[in-house]
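Here's the letter readout for the chains.
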Amino acid sequence: MVKNGMMLGLGGGHSRESPNAFARELVRMGVKDLTLIPTNSSAYQADILLGAGCVKTLYMSYVGLDYIGAAPNFRRLAESGTLNIIEFDEMGLLRGLKAAGAGVRFFPLPDGMRAVDVVRANPDFYKEVVDPFTGEKVVVVPPITPDIAVLHVARCDAYGNARELGFTDGIMHMAAKKVIVTTEEIVSLEDTQANYKEVTILGRFVEAVVEVPYGGHPGPCSGCYQLDEEHLREYQQAGKNETTFKAYLDKYVYGCKNHEEYLQKIGIANRLLKLKYY
Amino acid sequence: MFESVHAKDYYPGEIMAAFLSRDLKDGELGVIGTFSQIPWLACRLAQATHAPSLWFFCGPSAAMNSKFDKLLWSVGDYRMHVGAESRVSLDTVMDLQGHPWFIDFGFYGGFQIDKYGNLNMAYIGDQKKPKFRGPGTIGTMATAWLNRVYIFTLAHSPRLFVDKVPFVSGPGFLDGPGGREKFGCPPRARGPRYVVTPIAVFDFEEETKLMRLKSVHPGHTVEEVKSRMGFAPVIPAKVPETEPPTVEELVFMRDFDRDGILPQLIQ
């Protein structure tokens, strides 16, 4: 479904519930020229696509590897001047997505926004207008509509009703034209009905549901497994230069035919299952 | 009741958390970020001591009043939901941050902080090809409109404390007196209150809005504090020592930080 040049939203929040297996698959497919809109606080899911050369333009308010530190490819590419970055703060990006999901022309931000330099660094998205009610100045952001948004969750039924703890996925899935959910487990409709108060992703928006166990690795998936610190440190080290990152991709992405081979390479018994106990 | 005795041996993160904790009042509500182990500990310490009804929530894990009883590396960790009282998605967090009174205080940082308490999380140098690329502005913009802001740092160096940040992610007093008003920050948002570092505490001089040394942690000197900054902070004639953690505070903090994160956090 994902094509070259598309505007792609990726869910998650910091390193958790991130569609990382999906990102690796895009790298394997060799997708190009994406406009990437990762979750407000993004990590591996954005950085690996950047490092593999899949991204032309990045909408970002934060890219880092959680408490591990800097996202290596993001930093390297940004400092080399080869990446087109659209600079946001957390609220501007989220309110842009919300405007798209709510079908309004723009979303106003709180007083004081004019003091934040993203307004000057990104004049195409932050505009100062006059509030018609008071005559005061107010900063507004336009709708941001990804062609496709991809989310990873712990539990989703076959109809796309998904439960997650809630960071930005709830807004992201309403903003996008199409939604793909990857899930640790496809649960029954009865399971959804028994827990309907926890459903945050509305199935009507969802185009495809894909069962991908450990689909968030090396990030954590809430209630399923913890972050793989050892792997993320290996990733961070590898991403510091192009050659070592190429070797990382050869080993963990191009060198694996599919997600199952990836999991075997990481080590199911000696690594992945251990992440379940903490 | 035992009489409070000050501890003699503690880590920098512990005196920082104890200082911040004492400034939080019962019944108030605060917001903390992701790499915010010290603010989390400060909130839990306040709850365990003088402010049992303090509220706090963390944006990244979406949990209100987490009762999880051990410090973790990431405050975005979903275990923060243990004992939580409500869940606040980022969309709700954004609503609450703009709300006129709901949040009393928040904790923020940056890879650069200047003499007016402005924070930089974005980049240094040319926007298209920066000399240094930071992770991004993320939630620091809220210092423009949150009622009370605490700045905390894990280092104290000239690279961190610069005369003027090239990019304002989190507005402090901007270009000095009247700066916040000029850019439309609401009057209730009073700007940064304290800057707490591993070796000292600063506040801001009322008339000039310049960063002013408030106290120096025991074992450090005014000279050392000055020499490790890229600008000269206001130094009053008398600078007291920061009050160390009490033994009771330290017992709570050591029990809460069973994995020994604070000692590793600040070298």
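Definitions and cut-offs
- Residues numbered from 1 in each chain as written.
- Chains lettered and ligands numbered in written order.
- Predicted model: local features only at pLDDT ≥ 70, side-chain atom pairs only at ≥ 80, totals over all residues.
- Heavy atoms only, no water.
- Helix = DSSP H or I, 4+ residues; strand = E, 2+ residues; numbered from the N terminus.
- Rg over C-alpha atoms; globule rule 2.2 N^0.38 Å.
- Buried < 20%, exposed > 50% of the residue type's maximum accessible area, 1.4 Å probe, protein only.
- Areas by Shrake-Rupley, 256 points an atom, 1.4 Å probe, with all protein chains shown as cover.
- Lys, Arg positive; Asp, Glu negative; His and termini not counted.
- Charge placed at Lys NZ, Arg CZ, Asp CG, Glu CD.
- Contact = heavy atoms within 4.5 Å.
- Buried area = accessible area lost by both parts, 1.4 Å probe.
- Pairing = 2+ DSSP bridges.
- Phe/Tyr/Trp six-rings, centres within 6.5 Å; stacked < 30°, edge-to-face > 60°.
- 1 Å grid on protein atoms, 1.4 Å probe; cavity = no way out; pocket = protein on both sides within 12 Å on 5 of 7 lines; lining within 4 Å.
- Points joined across faces, edges and corners; volume = space filled by probe spheres on them.
- Nonpolar A, V, L, I, M, F, W, Y, C, P; charged D, E, K, R; others polar.
- Right-handed = clockwise from strand over helix to strand, strands pointing away.
- Salt bridge = Lys/Arg side-chain N within 4 Å of Asp/Glu carboxyl O.
- Core = buried A, V, L, I, M, F, W, Y, C linked by side-chain atoms within 4.5 Å.
- Domains from an automatic or database assignment.
- Axes fitted to C-alpha atoms, helices over the stretch in contact; angles between N-to-C directions.
- Parallel < 35°, antiparallel > 145°, perpendicular 65-115°, else oblique.
- Left-handed = near helix turned anticlockwise from the far one by under 90°.
- Polar contact = N/O pair within 3.5 Å; in protein donor to acceptor, adjacent residues only side chain to side chain.

A. Summary view of the overall build of chain A. Regarding its fold elements, chain A presents 11 helices and 12 strands. Relative to the globule expectation of 19 Å for 278 residues, the C-alpha radius of gyration of chain A, 19 Å, shows essentially globular dimensions. Overall, the C-alpha framework of chain A stretches about 65 × 50 × 35 Å when taken along its three principal axes. Burial statistics for chain A: of 278 residues in total, 61% are counted as buried. Working note: accessible area of chain A is about 11000 Å², and carbon and sulfur atoms make up 52% of it. Charge separation in chain A, taken as the distance between the mean sites of 30 positive and 34 negative side-chain charges, equals 3 Å.

B. Local environment of the interface of chain B and chain A. Chain B puts 50 residues into the contact, and the matching count from chain A is 48 residues. Area buried by chain B at its contact with chain A is led by Tyr78, Arg133 and Ile138 of chain B, which between them contribute 18% of it. Those elements giving two or more residues to the side of chain B that touches chain A turn out to be helix H3 (90–98) and strand S9 (130–133) of chain B. Per-element accounting of the side of chain B that touches chain A gives the leading share, five residues, to H3 of chain B.

C. Spotlight on the sheet that holds strand S5 (residues 107–108) of chain A. Residues and elements named next belong to chain A. Strand order in this open sheet of three strands is S5-S7-S6, and the pairing throughout is antiparallel. The open sheet has two edge strands with one neighbour each: S5 and strand S6 (127–130). Taken together, the four bridges between S6 and strand S7 (residues 137–141) define a ladder with antiparallel strand orientation. Considered in S7, the bridge of Val129 is made with Val138.

D. Structural context of the environment of Met229 of chain B. Residue and element names in this part refer to chain B. Looking at the element boundaries, Met229 is found in the loop between helix H5 (222–227) and helix H6 (247–256). Owing to a relative accessible area of 7%, Met229 belongs among the buried residues under this scheme. Through-space distance from the C-alpha of Met229 to that of His156 is 7.2 Å; in sequence the pair is 73 residues apart. Excluding anything up to four places from it in sequence, Met229 contacts His156, Ser157, Pro158, Phe161, Phe202 and Met211.

E. Focus on H3 of chain B. Within H3 of chain B, burial applies to Leu90, Asp91, Val93, Met94, Leu96 and Gln97 of chain B. Of the surrounding secondary structure, the elements contacted by the buried residues of H3 of chain B are helix H4 (90–102) and helix H6 (169–175) of chain A together with strand S2 (55–58) and strand S5 (105–108) of chain B.

F. Broad picture of the packing of aromatic side chains. All names here are of chain B. Taken as a whole and judged by the stated rule, the model has 25 aromatic pairs over all chains. Ring geometry for Phe19 and Tyr194: centres 5.1 Å apart, planes at 70°, overall edge-to-face. Within this pair, whereas Phe19 is found in helix H1 (residues 12–22), its partner Tyr194 is found in strand S12 (residues 192–196), the two being separated by 175 residues in sequence. The class for Tyr194 is buried, based on a relative accessible area of 10%.

G. Focus on the layout of surface pockets. Put simply, the second largest pocket is a space of about 400 Å³. If you go around the second largest pocket, you meet 28 residues; those closest to its centre are Tyr67, Gln226 and Leu227 of chain A together with Asp77 and Arg79 of chain B. Class assignment of the residues belonging to the lining of the second largest pocket gives a composition of 13 nonpolar, seven polar and eight charged.

H. Here's a closer look at the pairing of strand S2 (residues 34–38) of chain A. Residue and element names in this part refer to chain A. Of all five residues in S2, five are buried; the element is thus mostly enclosed. Alternating positions in S2 separate into two faces, Leu34, Leu36 and Pro38 on one and Thr35 and Ile37 on the other, with burial throughout. Pairing of strand S1 (residues 7–10) with S2, which is carried by four bridges, proceeds in the parallel orientation. Across the sheet, Met7 pairs through a bridge with Thr35, a residue of S2. For the segment spanning S1, helix H1 (residues 20–29) and S2, crossover handedness is right-handed. For the crossover that starts at S2, traverses helix H2 (residues 44–51) and ends in the parallel strand S3 (residues 55–60), the hand is right-handed.

I. Expanded view of the side chain of Asp114 of chain B. Residues and elements named next belong to chain B. The topology assignment puts Asp114 in strand S6 (residues 112–114). Buried and unpaired, Asp114 has no salt bridge, with Lys164 as the nearest side chain of opposite charge at 5.8 Å. Not counting the four nearest positions on each side in its chain, Asp114 is found in contact with Val162, Asp163, Lys164, Val165, Met211 and Phe231.

J. Highlighting the nonpolar core. Among the nonpolar cores identified, the biggest contains 81 residues, and Tyr59, Met113 and Tyr126 of chain A together with Phe57 and Met211 of chain B are the most heavily contacted of them. By residue number, the principal contributor to this core is H4 of chain A, which donates six residues. Summarising the domain contributions, this core has at least three residues from each of domain 1 (7–86 + 145–276) and domain 2 (107–142) of chain A. In this structure, Tyr126 of chain A is in contact with Glu87, Phe88, Asp89, Gly92, Leu93, Leu109, Met113, Val118, Val119, Val139, Val140 and Val141 of chain A, ignoring residues within four places of it in sequence. Residues Ala52, Leu65, Tyr225 and Leu227 of chain A belong to the second largest nonpolar core, which totals 55 residues.

K. Structural view of the packing of H2 of chain A against helix H9 (residues 242–254) of chain A. All names here are of chain A. The contact between H2 and H9 brings their axes to 11 Å, and the two run at 110°. In terms of orientation, H2 and H9 fall into the roughly perpendicular class. Crossing geometry of H2 relative to H9 is assigned as left-handed. Within the contact between the two elements, H2 uses Tyr44, Ile48 and Gly51 and H9 uses Phe245, Tyr248, Leu249 and Val253. Its residues placed into classes, the contact of H2 with H9 shows six nonpolar, one polar and no charged.

L. The environment of His6 of chain B, seen in detail. All names here are of chain B. Residue position: His6 is located in the segment before H1. Measuring from C-alpha to C-alpha, the distance between His6 and Glu243 comes to 8.2 Å, with 237 residues separating the pair along the chain. A polar contact of 2.8 Å, which involves the side chain of His6, links it to the side chain of Glu243.

M. Seen up close, the sheet that holds strand S14 (residues 211–216) of chain B. All names here are of chain B. Ordered by their spatial adjacency, nine strands build an open sheet running S4-S3-S2-S1-S5-S10-S12-S13-S14, and the pairing between neighbours is mixed. The sheet is open, and its two borders are formed by strand S4 (86–87) and S14, each paired with just one other strand. As judged from the four bridges shared by S5 and strand S10 (residues 148–152), these two strands associate in the parallel manner. From the neighbouring strand, Gly106 faces S10, where its bridge partner is Val149. Strands in contact with H1 are S5, S10, S12, strand S13 (200–204) and S14; relative to S12, the strand with the most contacts, it is inclined by about 160°.

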